[in-house]
Amino acid sequence: MPQRAKGPRLYWHDAKGKWVIRDTGRPETSTGTADRSAAEAALAAYITARDRPTAPSHADQFLIAQALDLYGREHAPTTKAPWRIAYAIEGLLPFWGTLPVSAIKGETCRRYARQRGLSDGTVRRELGVLRAALTHCAREGYLLTAPPVTLPAAPAPRDRWLTRGEAAKLLWAAWRAREIRKGVPTGKRTMKHLAKFILVDLYTGTRKEALLALRFSPHIGGGYVDTVNGVMYRRGEGQRESRKRQPPARLPDRLLAHLRRWERNGQTWVVEYHGSRCGDIKTAWAAACEAAGLEGVTPHTLRHTAITWALQRGASLWDASGYFGASVETIERVYGHHSPQHQESARRAMDSR
């Protein structure tokens, strides 16, 4: 009985004094180093290059798992949130991994949606990653043609926003929260960082990741607040513009007064937890919503609220678009009906004799 192929592996070559790579059916390849760690890195690069197609393949000769792997290796690291692509690939692989690209049809996409059993929005995002992976492989010359991927219908945009009373309850719940030890409040505030997050977001509508990365001085990892000139720079130095725009915003006087006070008190980050950057607000957010009696509210609801309030107070669609970093079309389609000018000329025309 023939022996099973061992696959690519490292082998110490005494005559060369270096590690080499041996692979069944292929010539021996030198790593060029005697260091084990460097040799392992060379082995990983060898495996990646060996499995990469050398010429465009037909759809029936190219596995979907290959397309997702290439997309995850080559494109995901260049994005701002590679983990989102990783989550989508993790959900796609059990169903699609062993199928060729030619198996992608409207029926198989709908069957995937039924088997996944998640919301249309989640399935749409995952299949969007599959479509992007195929487009990437076709553009890079791995795949001759990319078949269309059928996505579920886009869900209606969320119109959940907070009234002033709900916002006050949420803000107060976060501000007054106290640490509890052995069932007894200690008097120490534990969610002041969340209260500051809520306050800044209600005034600026900044997305969560950008807001948590804000400092009071310029830095590479995110934006900063210029308290002298009263401007928030949501995007950090050297960060490229993405589809979710992050334009600078002039700060309202009321918010600017708070920010200047926080800076004088020694804060480095706009949202700070025990003197350090706050990584996430998931736990504190859930506790504050429960204390305030609010359901179906996420941190992104604060952005909806800020835009809605701005239009209700008479902000123009153009100014709202520039201030919040959303297109005029999106502002008009999702929030336009909150503006007092919405359909006003038509209403006056129908009201006239």
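Below you will find a few notes about this structure. Quick caveat: nothing in here was measured; it's all calculated off a predicted structure.

This part takes up the overall build of the protein. Per the secondary structure count, the protein includes 14 helices and 10 strands. Relative to a compact globule of 353 residues, whose C-alpha radius of gyration would be 20 Å, the protein shows 27 Å and is clearly more extended. For the protein, the spread of C-alpha atoms along the three principal axes comes to 90 × 60 × 45 Å. Residue burial in the protein is summarised as follows: out of 353 residues, 40% are buried. Taking as baseline every contact in the protein between residues at least 6 positions apart, the subset at least 24 positions apart corresponds to 56%. Carbon and sulfur atoms form 52% of the exposed surface of the protein, whose accessible area is close to 20,800 Å². Of the charged side chains in the protein, 56 are positive and 33 negative, and the gap between their average positions amounts to 3 Å.

Let us look at the environment of Ala167. Here Ala167 is to be found in helix H6 (residues 164-176). On the accessibility criterion, Ala167 (5% relative accessible area) is buried. Put simply, Ala167 and Ala292 are 125 residues apart on the chain and 9.2 Å apart in space, counted from C-alpha to C-alpha. Every residue in contact with Ala167, bar those within four places of it in the chain, is listed here: Leu162, Leu202 and Trp309.

With that out of the way, let us pick up the nonpolar core. Counting residues in hydrophobic clusters, the biggest one holds 38 residues, and the most contacted among them are Leu170, Leu194, Phe197, Ile198, Leu259, Val270 and Trp285. Of all the elements in the fold, those that place two or more residues in this core are H6, helix H7 (192-204), helix H8 (208-212), helix H9 (253-264), helix H10 (282-292) and helix H11 (299-312). Broken down by element, this core gets its largest block of residues, 7 residues, from H7. Setting aside residues no more than four positions away along its own chain, Leu259 makes contact with Val200, Phe216, Val225, Thr227, Leu251 and Val270. Of all hydrophobic cores here, the second largest spans 28 residues; its members include Ile85, Cys109, Leu130 and Ala133.

Here His274, not a glycine, exhibits a phi torsion of approximately 55 degrees, which is positive. Among the secondary structure elements, His274 is positioned in the loop between strand E9 (272-273) and strand E10 (276-277).

Let us look at the sheet that holds strand E7 (residues 231-233). Read across the open sheet, the 3 strands follow the order E6-E7-E8; overall the sheet is antiparallel. Looking at strand neighbours, the two that pair on one side only are strand E6 (224-226) and strand E8 (249-250), the edges of this open sheet.

With that out of the way, let us pick up the pairing of strand E2 (residues 18-22). Here 5 bridges tie strand E1 (residues 9-13) to E2, and the two strands are oriented antiparallel to one another. Its bridge partner being in E2, Arg9 is matched across the sheet by Arg22. Hairpin connection of E1 to E2: 4 residues between the antiparallel strands, including Gly17 at a positive phi of 65 degrees. As defined by bridge partners, E2 adjoins strand E3 (residues 29-30) across 2 bridges and the pair is classed as antiparallel. Bridging across to E3, Val20 finds its partner in Ser30.

A separate point is helix H2 (residues 64-74). Among all positions in H2, only Ile64, Ala67, Leu68, Leu70 and Tyr71 are buried. Taken around the axis of H2, the buried residues stretch over an arc of 165 degrees, which confines them to a single face.

Mapped onto the elements of the fold, Gly293 is located in the loop between H10 and H11. Sequence spacing of Gly293 and Lys169 is 124 residues, and the spatial spacing of their C-alpha atoms is 8.4 Å.

Here the focus is the side chain of Arg234. Topologically, Arg234 is positioned in the loop between E7 and E8. Although buried, Arg234 forms no salt bridge, and the nearest oppositely charged side chain, Asp201, lies 7.4 Å from it. In this structure the side chain of Arg234 is engaged in a polar contact, spanning 3.0 Å, whose partner is the side chain of Thr206. When near neighbours in sequence (up to four residues on either side) are disregarded, Arg234 contacts Thr204, Thr206, Ala210, Leu214, Gly223, Gln246, Pro247, Pro248, Ala249, Tyr323 and Phe324.

Let us look at the packing of aromatic side chains. This model, assessed by the stated rule, comprises 6 aromatic pairs. When the ring of Tyr224 is compared with that of Tyr233, the centres are 5.0 Å apart and the planes differ by 20 degrees; the resulting orientation is stacked. The class of Tyr233 is partly exposed, set by a relative accessible area of 29%. For the cation-ring pair, Arg215 lies above Trp269, with the distance from its terminal atom to the ring centre recorded as 5.0 Å. A cation over an aromatic ring shows up here: Arg234 above the ring of Tyr323, its NZ or CZ 6.0 Å from the ring centre.

When the charged atoms of two side chains with opposite charge come close together, those side chains can pair. All chains considered together, the criterion is met by 9 salt bridges. Residues Arg116 and Glu126 are paired through a salt bridge, measuring 2.9 Å at the closest nitrogen-oxygen approach. Linking Arg116 in helix H4 (residues 106-116) with Glu126 in helix H5 (residues 120-139), this pair joins segments that are 10 residues apart in sequence. Taking the relative accessible area as the measure of exposure, Arg116 reaches 30% and is therefore partly exposed. With a relative accessible area of 6%, Glu126 lands in the buried category. Across the pair Glu166 and Arg160 runs a salt bridge whose closest N-O atoms are separated by 3.2 Å.

Conventions used here
Residues numbered from 1 in each chain as written. Predicted model: local features only at pLDDT ≥ 70, side-chain atom pairs only at ≥ 80, totals over all residues. Heavy atoms only, no water. Helix = DSSP H or I, 4+ residues; strand = E, 2+ residues; numbered from the N terminus. Rg over C-alpha atoms; globule rule 2.2 N^0.38 Å. Buried < 20%, exposed > 50% of the residue type's maximum accessible area, 1.4 Å probe, protein only. Contact = heavy atoms within 4.5 Å. Areas by Shrake-Rupley, 256 points an atom, 1.4 Å probe, with all protein chains shown as cover. Lys, Arg positive; Asp, Glu negative; His and termini not counted. Charge placed at Lys NZ, Arg CZ, Asp CG, Glu CD. Core = buried A, V, L, I, M, F, W, Y, C linked by side-chain atoms within 4.5 Å. Pairing = 2+ DSSP bridges. Arc of directions from axis to C-beta. Salt bridge = Lys/Arg side-chain N within 4 Å of Asp/Glu carboxyl O. Polar contact = N/O pair within 3.5 Å; in protein donor to acceptor, adjacent residues only side chain to side chain. Phe/Tyr/Trp six-rings, centres within 6.5 Å; stacked < 30°, edge-to-face > 60°. Lys NZ or Arg CZ within 6 Å of the ring centre and 35° of its normal.

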